[in-house]
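# Analysis of the macromolecular model
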Amino acid sequence: MYHTKSVTELSAMLQAGEVSSVELTRYFLDRIKNSDEKLNSFITVCEEQALAQAKECDERLKAGNAPALTGVPVAHKDIFCTDGVKTSCASKMLDNFISPYDATVVTNMRAAGVVMLGKTNMDEFAMGSSNETSYYGAVKNPWNLKAVPGGSSGGSAAAVAARLAPAATGTDTGGSIRQPAAFCGITGIKPTYGRVSRFGMIAFASSLDQAGPMGQSASDCALLLNAMAGFDEKDSTSIEKAVPDYSADLDKPLDGLRIGLPKEYFAHAEGGMNAEVEAIIKTALDQYKAMGAELVEIELPNSALSVPVYYVVAPAECSTNLSRFDGVRYGYRCEDPKDLNDLYTRSRGEAFGEEVQRRIMVGTYALSSGYYDAYYLKAQQLRQLISDDFKNAYEKVDVIMAPATPETAFNIGEKSDDPISMYLSDIYTIAVNLAGIPAMSIPVGFSDGMPVGMQIIGNHFEEARLLNVAHKYQQQTDWHTTLPEEFK
Amino acid sequence: MSSAASNEWGQWEVVIGLEIHAQLATRSKIFSGASTAYGAEPNTQTSVVDIALPGVLPVLNKEAVHMAVKFGMAIKAEVADRSVFDRKNYFYPDLPKGYQISQFDLPIVGPGTIDIELESGETKTIGVTRAHLEEDAGKSLHEDYAGMTGIDLNRAGTPLLEIVSEPDMRSAKEAVAYMKKIHTLVQYIGICDGNMQEGSFRCDANVSVRPKGQEEYGTRAELKNINSFRFVERAINIEVERQIDLIEDGGEVVQETRLYDSVKNETRSMRSKEEANDYRYFPDPDLLPVVITEEYRQQVRAELPELPEQKQKRFMEELGLSAYDAGVITASLALSSYFDTVAEKTGDAKLSANWITGELSARLNREEIDIADAAVDAGAFALLLSRIKDNTISGKIAKDVLDAMWKGEGSADEVIESKGLKQITDTGAIEAFVDEVIANNPSQFEELKGGKDKMMGFFVGQVMKMSKGKANPAQVNELIRQKMK
Amino acid sequence: MSIEVDEVKKIAKLACLNVDDADIQSYATNLSNILDLVAQMDAVDTTGVTPMSHPFDVVQRLREDVVTDLDRREDFQAIAPAVEDGLYLVPKVLE
């Protein structure tokens, strides 16, 4: 039925009048209603609004000249502000927050004709790698309901993997699109920092956050990114650069493509890549070789420091980004505050989860007087070195390939008591955010029935190249079209 | 010990530095498109950015940057090629984001100087350490809302230029002179309306004392948010007195923020702001470095209007005003525009200057009001001076007319008419007075004719008295001389 | 690097977070572990390296000084916890 169709196919069917947007929207709403109890991938389902939007889309389609995505239902991560719809960021703090405005991503997608099915679950304020920190409870992995879907965009990943939505939006601060995409066997791309507007996307770590699409395939992600990307005058960090048609070069041959393999990522260090994951990645690399690509060993000497650097920069920025949640103008306010300090400390103490509070404290500490140079400044200097490593690498290669995660999805509860081991599950994804470059994750096989993801990392603004490289692989493989048994 | 000038603090030397906050006269806020107009209903001039909704981002106002650069060029300061916005973190209900966007390490305006005139007539140069852009906070209204405080965020996000001086001032009077100088300058260059009642221009004073001859500074107290020149002087003097008394009694000054209470005329510690003042400054990741090119600096320099000192010089050279008159008039933009209007309408710059620095200023000082609040506007004042020039009234009568006008009794012409103050220019009428005075004082008249010139004053005086001041003195003089022949 | 309970209290106060006494020790342990992880940074000499605060060397774009946002107080205060006469209410602030 419709859930086995890609966005590319659904769009063609809508344009040809073979299905209406209302039909399609109702179909996915039903699927959510019937199956999401197992996954908990949605925080809010917008039935009424979605059907109303679908109706409008059908009229636009009838009138002709409707944009490519018109009538396609999509889910938004609950980090994007949506006018008139609850925007919780999976926190008790915003459980009662009905946003009075739309994020630019939401506006752009709406203009492209997308219908919003609802808001997906996530780690609270995007802080987490397993979706277990959500105020609305953990999300389950469609491939194994005992396993985590990854995070923080776990709801979006699970919803797309189970085809409760044809595609979804996500955000990625340290791997939050790529790691859940890998764990759930879908395709996701984190664009270059500044490519997609951050306006209306609730900030976690401002200098690292970037939104991107999560879909069934590279070609679907290309279509969605066409709608999401673009300069936004409301975001000072948005880049004033024309957006190419990401679908245009998908079929370009890969002859002569130079693929860099960071030797640090393939080293057998403790906590490094699981052997079976490594074998699967190597098979994928061989397929690329067969398509005419050349494999080149490269060095990213400072990459080992990505995790420590990230756990200074991200908490520092988040500690002040989250200061606005004070119980004064919106959001949670504690009962009967006895004075101003009580209002602040109890509202925040009661409404932020443990991981969020932990990161706020780490960040507050790192920025505090006497520690700034040793932590924040030092981290920003190392960030420069990590970024320079990539710059040097791209003088020798076109793209870099690496595992997305050291292992497949772990079980719910397995790491939730140990922040450090949780942090280390992002070891291969974090450096990309520090450097601001684009990267994606594509499914390349299964280990013990769980999906394995491979990262393709590009130089600044090379999204089209990444999508092309991923698409060529997906034309030869069917990992990305394989569905979990329970959701076929 | 009572308030006194700096050299009267005995063995103590006073050290003062000022942080002046000038609200920039932009139409919209520094990081949002909401209006900055004063006096609107609470919270009606706030955008999603100003109330710090989740997900919003700041975008810098071009005009705020322009105005800051203008100030930098006006004080011949270094305007930075590259300046950076930082977050200053603290929790307060009038600070919606929980941090203020300000500039810490790399301010837009670097070191510059301002010259002030001391009472002795000497000039003293005060160092301006820096001036940086930042956003204003909202307002807390402490009137009782069922035991709660009300928060109005209309002011939140209004652009401020914080102008920080070196600790170069040695008395409250110097501090006031410096503050007035900056006040005038920002209005001249059109970057701030200078309205102190509305809080557009306010200052914090860092005050310390040290034994004369000691190089090291004493511990300073920061006096917060003083919004009038008079209060600056009083607050500093009362604080100096407090510090000296404290030290002389064997105590120690603690570094703290203090609030000046103008009703009780005392400063007191603001304990609430004392705790946890670790501001955790770091570069705001939502904003990028502001880059100013040499070309832009030149362009802004070229568009600077005539500055107070240039204007003073021109008034002396072109209009022949005295250094004193030209100084007083140009020390305030409002006063100098008042002068411009009066001088233009009367066509007599010198007469206008004399009257403005004399009679008008005396009345303003007496009532402790600003030229903007003067009871007689420039047009009405010019009409009064014109009546002196066309001999309708004498200068002496004009002072009485001005008093009546000040009390709201009408225009110069109305007052002259209603009080019958019109000068008598009818020769016949004046001659009658002259004849009568001569007839009453025959011996004195003989002395006058005998060459005792001093007697002339006596006769003119008598005639003026008889005419109740309305006779034209020049005509009186002329007629007496005719009678002497 | 180990963080003591007192320090956790100090940080929590600075961050305006009310932490239960029962949880303080576990925060102290976790924060200490995180700082140990972060301490790996010390292995690299960064003398003379310019800190990177942004992925690109781009400059701040400036907005025209135009009023574009009109009054939306009603919308904004519909989601506020406590308002009166158009003001946001908080417990009495003492100066």
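Worth saying up front: this structure is predicted, and the values here are computed from it rather than measured. (Residues numbered from 1 in each chain as written. Chains lettered and ligands numbered in written order. Predicted model: local features only at pLDDT ≥ 70, side-chain atom pairs only at ≥ 80, totals over all residues. Heavy atoms only, no water.)

We now examine the overall build of chain B. Summing up its helical and strand segments, chain B has 16 helices and 16 strands in all. For 485 residues, the compact-globule formula gives about 23 Å, and the C-alpha radius of gyration of chain B, at 29 Å, lies well above that figure. In terms of overall dimensions, chain B has C-alpha extents of about 95 × 55 × 55 Å along its principal axes. The contacts in chain B between residues at least 6 apart in sequence include a share of 68% that link residues at least 24 apart. For chain B, the accessible area works out to roughly 21,100 Å², and carbon and sulfur atoms hold 47% of it. (Helix = DSSP H or I, 4+ residues; strand = E, 2+ residues; numbered from the N terminus. Rg over C-alpha atoms; globule rule 2.2 N^0.38 Å. Contact = heavy atoms within 4.5 Å. Areas by Shrake-Rupley, 256 points an atom, 1.4 Å probe, with all protein chains shown as cover.)

With that settled, the discussion passes to the overall build of chain C. Each helix and strand in chain C was counted, giving three helices and three strands. When the helices and strands of chain C are read in sequence order from the N terminus, they spell out α-α-β-α-β-β. For chain C, whose C-alpha radius of gyration is 23 Å, the value lies well above the compact-globule estimate of 12 Å for 95 residues. Along the three orthogonal principal directions, the C-alpha set of chain C runs to about 55 × 45 × 25 Å.

The subject of this paragraph is the interface of chain B and chain A. Taken together, the contacts link 30 residues of chain B with 38 residues of chain A. Taking both sides of the interface into account, the surface hidden between chain B and chain A amounts to around 2,700 Å²; carbon and sulfur atoms contribute 61%. The salt bridge partner of B:Asp286 is A:Arg198, with a shortest N-O separation of 3.1 Å. Viewed at the interface, chain A and chain B are joined by 16 residue pairs in polar contact (both at pLDDT 80 or more). Sorting the residues of the side of chain B that touches chain A by element identifies strand S4 (86-89) and strand S15 (282-283) of chain B as the ones contributing at least two each. Each residue belonging to the side of chain B that touches chain A can be placed in one class, and the counts come to 22 nonpolar, three polar and five charged. (Buried area = accessible area lost by both parts, 1.4 Å probe. Salt bridge = Lys/Arg side-chain N within 4 Å of Asp/Glu carboxyl O. Polar contact = N/O pair within 3.5 Å; in protein donor to acceptor, adjacent residues only side chain to side chain. Nonpolar A, V, L, I, M, F, W, Y, C, P; charged D, E, K, R; others polar.)

Let us look at the sheet that holds strand S6 (residues 112-117) of chain B. All names here are of chain B. Ordered in space as S6-S7-S10-S1-S11-S12-S13-S14, the eight strands form an open sheet in which the pairing is mixed. Each of the sheet's edge strands pairs with one partner strand only, and the pair in question is S6 and strand S14 (266-269). Each strand axis lies, on average, 30° off the axis of its neighbour in the sheet, ignoring direction. Inspection of the sheet shows strand S11 (residues 201-211) paired to strand S12 (residues 221-226) by four bridges, in the antiparallel sense. Bridge pairing in S12 places Ala205 opposite Leu223. Packing of helix H3 (residues 229-248) onto the sheet brings it into contact with strand S1 (12-23), S11, S12, strand S13 (256-261) and S14, and relative to S11 it is tilted by some 25°. (Pairing = 2+ DSSP bridges. Axes fitted to C-alpha atoms, helices over the stretch in contact; angles between N-to-C directions.)

On to the pattern of salt bridges. Enumeration over the complete set of coordinates arrives at 60 salt bridges over all chains. Between A:Arg359 and A:Glu355 there is a salt bridge, with its nearest N and O atoms 2.7 Å apart. One end of the pair is A:Arg359 and the other is A:Glu355, both in helix H12 (residues 354-367) and four residues apart, which spans about a single turn. We note that A:Arg359, like A:Glu355, is buried. Here the salt bridges share partners, and the residues they tie into one network are A:Arg198, A:Asp235, B:Arg87, B:Asp284 and B:Asp286. (Buried < 20%, exposed > 50% of the residue type's maximum accessible area, 1.4 Å probe, protein only.)

Bringing the confidence of the model for chain B into the picture now. Summing up the model confidence of chain B, the mean pLDDT is 91 and the portion of residues at 70 or higher is 97%. This stretch, residues 1-6 of chain B, has a pLDDT under 50; its non-local contacts, to residues over four places away or in other chains, come to 13 contacts. (pLDDT = per-residue confidence, 0-100.)

Moving on: the packing of helix H7 (residues 218-228) of chain A against helix H16 (residues 463-476) of chain A. All names here are of chain A. Two elements in contact, H7 and H16, have axes whose closest approach is 8 Å; the angle formed by their N-to-C orientations is 150°. Taken as axis vectors, H7 and H16 run roughly antiparallel relative to one another. Of H16, the residues touching H7 (which contributes Ala218, Ser219, Cys221, Ala222 and Leu225) are Glu463, Leu467, Ala470, His471 and Gln474. (Parallel < 35°, antiparallel > 145°, perpendicular 65-115°, else oblique.)

As a further point, take the sheet that holds strand S8 (residues 139-145) of chain B. Reading across from one edge, S8(B)-S9(B)-S3(C)-S2(C) is the order of the four strands in this open sheet, with antiparallel pairing throughout. Two strands bound the open sheet, and with one partner strand each, they are S8 of chain B together with strand S2 (83-84) of chain C. As judged from the four bridges shared by S8(B) and strand S9 (residues 148-152) of chain B, these two strands associate in the antiparallel manner. Counterpart to B:Tyr145 in the pairing with S9(B) is B:Met148.

What follows concerns the interface of chain C and chain A. Between chain C and chain A, the contact holds 47 residues from the first and 71 residues from the second. Together, the buried faces of chain C and chain A total about 5,000 Å²; carbon and sulfur atoms form 70% of this surface. Of all residues in chain C, C:Met41, C:Met52 and C:Arg61 give up the largest surface area on contact with chain A, accounting jointly for 15% of the area buried on that side. Counting every contact that joins chain C to chain A gives 13 residue pairs in polar contact (both at pLDDT 80 or more). Looking at the side of chain C that touches chain A, the elements with two or more residues in it are helix H1 (5-14), helix H2 (21-38) and strand S3 (87-91) of chain C. With eight residues, H2(C) is the single largest residue contributor to the side of chain C that touches chain A. Of the residues contributing to the side of chain C that touches chain A, the split by class is 33 nonpolar, nine polar and five charged.

Let us now look at helix H8 (residues 333-346) of chain B. Residues and elements named next belong to chain B. Taking 1.5 Å per residue, 14 residues should reach 20 Å; H8 reaches 20 Å between its end C-alpha atoms and fits that length. Within H8, burial applies to Leu335, Ser336, Tyr338, Phe339, Val342, Ala343 and Thr346. Projected onto a plane normal to the axis of H8, the buried residues spread over an arc of 155° and lie on a single side. Counted as exposed and oriented over 90 degrees from the buried face of H8: Glu344 and Lys345. (Expected span 1.5 Å × (residues − 1). Arc of directions from axis to C-beta.)

The next point concerns the pairing of S11(B). Residue and element names in this part refer to chain B. Taking burial as the measure, the eleven residues of S11 include ten buried ones, the bulk of the element. Pairing of S1 with S11 involves eleven bridges; the strand directions are antiparallel. Bridge pairing in S11 links Glu13 to Arg210.

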